[in-house]
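Structural features, examined
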Amino acid sequence: MLKSITLLGSSSGKNAGDAALLSGVMDSIDNALGRRLVYEIPTSREWYVWNEYHNKTRPVSMMPWMLTAGMFGAPTLASVCRTDMTMIFDNPLFDRDLWNPIFNYMPAFRTFLPIAKRMGKTLGCFNVGMGPVTTPAGQKMLKEICNLMDFIAVREERSVEIMREIGVQNENILVTADAALTVTPAPKQRVDQIMKERGIDPEAPFLAININKYLDTWAKKSGESMGKDKFIEIYAKALEQAAEEINLPIVFVCTQHHDIEVTEELMNRTKTPLSKKLVDNRTLNHYEVQGFLSRASLLFLFFLHSQILATSQYTPTVGLIFQDKVRFYWEKLGLPECALSFDNFTVEGIRDHILFGWRNRDSIRSRLEQAVPIMREQAHVPGLLISRLESGMAVFDAVQVAKEELKDLENKLQVVIKKQAA
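As a starting point, this report considers the structure included with it. Just so it is clear, the model here is predicted, and its values are computed rather than measured.

Parameters and conventions
- Residues numbered from 1 in each chain as written.
- Predicted model: local features only at pLDDT ≥ 70, side-chain atom pairs only at ≥ 80, totals over all residues.
- Heavy atoms only, no water.
- Core = buried A, V, L, I, M, F, W, Y, C linked by side-chain atoms within 4.5 Å.
- Buried < 20%, exposed > 50% of the residue type's maximum accessible area, 1.4 Å probe, protein only.
- Helix = DSSP H or I, 4+ residues; strand = E, 2+ residues; numbered from the N terminus.
- Contact = heavy atoms within 4.5 Å.
- Salt bridge = Lys/Arg side-chain N within 4 Å of Asp/Glu carboxyl O.
- Expected span 1.5 Å × (residues − 1).
- Pairing = 2+ DSSP bridges.
- Axes fitted to C-alpha atoms, helices over the stretch in contact; angles between N-to-C directions.
- Bend = angle between axes of the 7 residues up to and from the residue.

Some thoughts on the nonpolar core
Ranked by size, the top nonpolar core spans 114 residues in total, and within it Leu-7, Ile-29, Met-87, Ile-209 and Tyr-235 carry the most contacts. Per element, the largest residue contribution to this core is 11 residues, and it comes from helix H14 (residues 361-390). Setting aside residues up to four positions removed in sequence, Ile-29 forms contacts with Ile-5, Leu-37, Tyr-39, Met-87, Phe-126, Gly-383 and Ile-386. Within the second largest apolar cluster, 33 residues are counted, among which are Leu-8, Ala-108, Val-128 and Leu-148.

Pasting the structure below:
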């Protein structure tokens, strides 16, 4: 019987989207097993892991005084050796800044997971996105990690293509949907309180904006970034024009601590007689952030998981593609037109995209209401797989059952999407 799982991914709590994804992973497993497991989570903010999840969580320190650099140290190694299962989640399988253990966790995975495997521990990937991996060292490391896994659940087909391109031989691969879709937001009364405390009328419409300090640096295939000043100049002018036309106050929402500074700059440079407010996740947990996002009349968001949290509540949303995973998400929903490429990052492009979202907000909501529940079912499938493994089913057999479930759900989703497009 499973008692404990180590979860390896982004878990500081500074990113509300990542925290919500982690919640979704734990909830899916607990619901499938019918009981609450203990989850050991390497983190740089132990208090968040102790206090801000509804699950039985136990932080594993990533602080330097514990003789660890990021996950590369004794605490994480001890955890993967101590628990019954170890799973990688979210998007830590890339090779940007590969040899910086504070930023990149792949070397730690490649070092520690073979030890757990030799001890007979179950290893898996739950709700991951693969890449980007552009260096020989990164590709080799990702291949070795993937071949160690008993099963791999990814959230889009492109991740499967990446694995095949680098020579991964593992056949126990599932294409599911993002676990953050399954999270339940904070209750209405709490969200009303948050809005009133920040001077926002809970009953009034507003436009919500979310940006990321990385700007276009992940989107660039070649060439130089446009830089912060140009990014803010273009974005501010577009917001001014869009807000004037739709006559909505603007709320700037930070779902990651390190985005607050650049968000404040954008807010200050956006000149409009309409109200401007800032809401951030320094004092709000991921459930509260999700609840707040659900109240917007329209959202134009940057972070993938901000977009997922909003759309999970069927809130009219349009997005900006700072990484391919954002485009993949909107394609899976059957709404690729809701995602704006950085190729169209101009005053006119941003303004028109916001206005497109505003004009089509009822249609977007309706289409989300039909597609998201099916994707939510897909997101629960890896949890069901784990429950079958616990019952004694062989990994291959459990994966085949899961593939059939996912195939049926995908067919159902495609029927919905085709009907919407007709």
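Here we look at the pattern of salt bridges
Between side chains of opposite charge, a pair can form when the charged atoms approach closely. Following the criterion strictly, the structure yields 27 salt bridges and no others. The closest approach of N and O atoms between Glu-337 and Arg-367, which form a salt bridge, is 3.2 Å. Taken as a pair, Glu-337 in the loop between helix H12 (324-333) and strand E15 (339-341) and Arg-367 in helix H14 lie far apart in primary sequence, 30 residues in all. On the accessibility criterion, Glu-337 (37% relative accessible area) is partly exposed. Linked by salt bridges that have partners in common, Asp-90, Arg-155, Glu-156 and Asp-178 make up one network.

Some thoughts on helix H15 (residues 395-421)
Along its 27 residues, H15 runs 38 Å from first to last C-alpha, staying within 8% of the 39 Å computed at 1.5 Å per residue. Those residues of H15 that sit buried are Ala-398, Val-399, Ala-402, Leu-406, Leu-409, Leu-413, Val-416, Ile-417 and Gln-420.

Some remarks on the environment of Phe-231
Its place among the elements puts Phe-231 in helix H8 (residues 228-246). Given a relative accessible area of 0%, Phe-231 falls into the buried group. Measuring from C-alpha to C-alpha, the distance between Phe-231 and Asp-27 comes to 38 Å, with 204 residues separating the pair along the chain.

Considerations on the environment of Met-130
Inspection of the secondary structure assignment puts Met-130 in strand E7 (residues 122-130). The class for Met-130 is buried, based on a relative accessible area of 6%. When sequence neighbours within four positions are dropped, the list of residues in contact with Met-130 reads Asn-91, Leu-93, Leu-142, Cys-146, Ile-152, Val-154, Glu-156, Ser-159, Ile-162 and Met-163.

Remarks on the sheet that holds strand E11 (residues 250-254)
Ordered by their spatial adjacency, 6 strands build an open sheet running E12-E11-E10-E13-E14-E15, and the pairing between neighbours is parallel. Only two strands of the sheet have a single neighbouring strand rather than two, namely strand E12 (276-280) and E15. Along the sheet, successive strands turn relative to each other by an average axial angle of 20°, direction set aside. Direction of pairing for strand E10 (residues 207-209) relative to E11: parallel, over a ladder of 3 bridges. Note on E11: the bridge partner recorded for Ala-208 is Val-251. On top of the sheet, helix H9 (residues 260-269) reaches E10, E11 and E12; it is set at about 175° to E12, its chief contact.

Structural notes on helix H4 (residues 106-118)
Over its 13 residues, H4 runs 19 Å from end to end, which matches the ideal 18 Å to within 8%, given 1.5 Å per residue. If you look at H4, its biggest bend is around 25°, right at Phe-112, and the proline Pro-114 turns up within four residues after that. Along H4, the positions that sit buried rather than exposed are Met-106, Pro-107, Ala-108, Phe-109, Phe-112, Leu-113, Pro-114 and Ala-116. Looking at the buried positions of H4, the neighbouring elements they touch are strand E1 (4-8), strand E5 (72-73), helix H3 (74-82), strand E6 (85-93), E7 and helix H5 (136-148). Looking one or two residues beyond H4, the residue adopting positive phi is Gly-120, at roughly 85°.

Details of the sheet that holds E6
Reading across from one edge, E3-E2-E1-E6-E7-E8-E9 is the order of the 7 strands in this open sheet, with parallel pairing throughout. Only two strands of the sheet have a single partner each, and these edge strands are strand E3 (56-61) and strand E9 (173-175). Here the strands of the sheet are splayed against their neighbours by 20° on average, with no regard to which way each runs. Examined bridge by bridge, E7 and strand E8 (residues 151-154) share 4 bridges and lie parallel to one another. Looking at the pairing, Cys-125 lines up with Ile-152 of E8. Of the strands in this sheet, E1, E6 and E7 are in contact with H4, which crosses E6 at around 165°.

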